[in-house]
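A closer look at the structure
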Amino acid sequence: MDIKQIIETTLHIPVQELSDPVIKTGYATWYKPYEDPELSGSGEVTEESETFEIDIWGKNRQDVNIQTGIMKKALINIKYNTFPRVTISYDTNGKMWRGNLNFKHIKEDTDAV
């Protein structure tokens, strides 16, 4: 799943690396905090999922709300994504608004029952 391409295609804004020293307004960042095996009752791995977080940064709260909503709709339409959890907050260090989307992508079914 190419998150960077999905963000750039959907929102038409650049994606900045989290390791960059200064995050700019009008950009997005993303990262994959972890991968999880999903277990059945017998302890067998039945599928794996990846958790992703996308941040949309901007000076104007309304713009961030709109872009976050657009990104949420795009993520919902991708097969095997869970419904994104959305938060909007103000980053006091960067002095800008942040729209955060957290979701899982189910990678594969390893057990066809």
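Here we summarise the structure given alongside this text. (Residues numbered from 1 in each chain as written. Predicted model: local features only at pLDDT ≥ 70, side-chain atom pairs only at ≥ 80, totals over all residues. Heavy atoms only, no water.)

1. Here we look at helix α2 (residues 61-76)
The end-to-end C-alpha distance of α2 is 22 Å, a good match for the 22 Å that 16 residues give at a rise of 1.5 Å each. Buried within α2 we find Val64, Gln67, Thr68, Met71, Ala74 and Leu75. Mapping the buried residues of α2 onto a view down its axis gives an arc of 120°, with all of them on the same face. Those residues of α2 that are exposed and angled more than 90 degrees off the buried face are Gln62 and Lys73. (Helix = DSSP H or I, 4+ residues; strand = E, 2+ residues; numbered from the N terminus. Expected span 1.5 Å × (residues − 1). Buried < 20%, exposed > 50% of the residue type's maximum accessible area, 1.4 Å probe, protein only. Arc of directions from axis to C-beta.)

2. Some points on helix α1 (residues 3-11)
Among all positions of α1, only Ile3, Ile6, Ile7 and Leu11 are buried. One face of α1 carries all of its buried residues, which in axial projection span an arc of 95°. A positive phi of about 55° marks His12, the residue just after α1.

3. Digging into the packing of aromatic side chains
To describe a pair of aromatic rings, you give the distance between the ring centres and the angle between the ring planes. Under the defined criterion, the tally for this structure stands at three aromatic pairs. Between the aromatic rings of Trp30 and Phe52, the centroid separation amounts to 6.0 Å while the plane-to-plane angle is 50°, which identifies the pairing as tilted. Remark: Phe52 occurs in strand β2 (residues 45-58) and Trp30 occurs in strand β1 (residues 28-39); sequence separation between them is 22 residues. On the accessibility criterion, Trp30 (30% relative accessible area) is partly exposed. Since its relative accessible area comes to 3%, Phe52 is described here as buried. (Phe/Tyr/Trp six-rings, centres within 6.5 Å; stacked < 30°, edge-to-face > 60°.)

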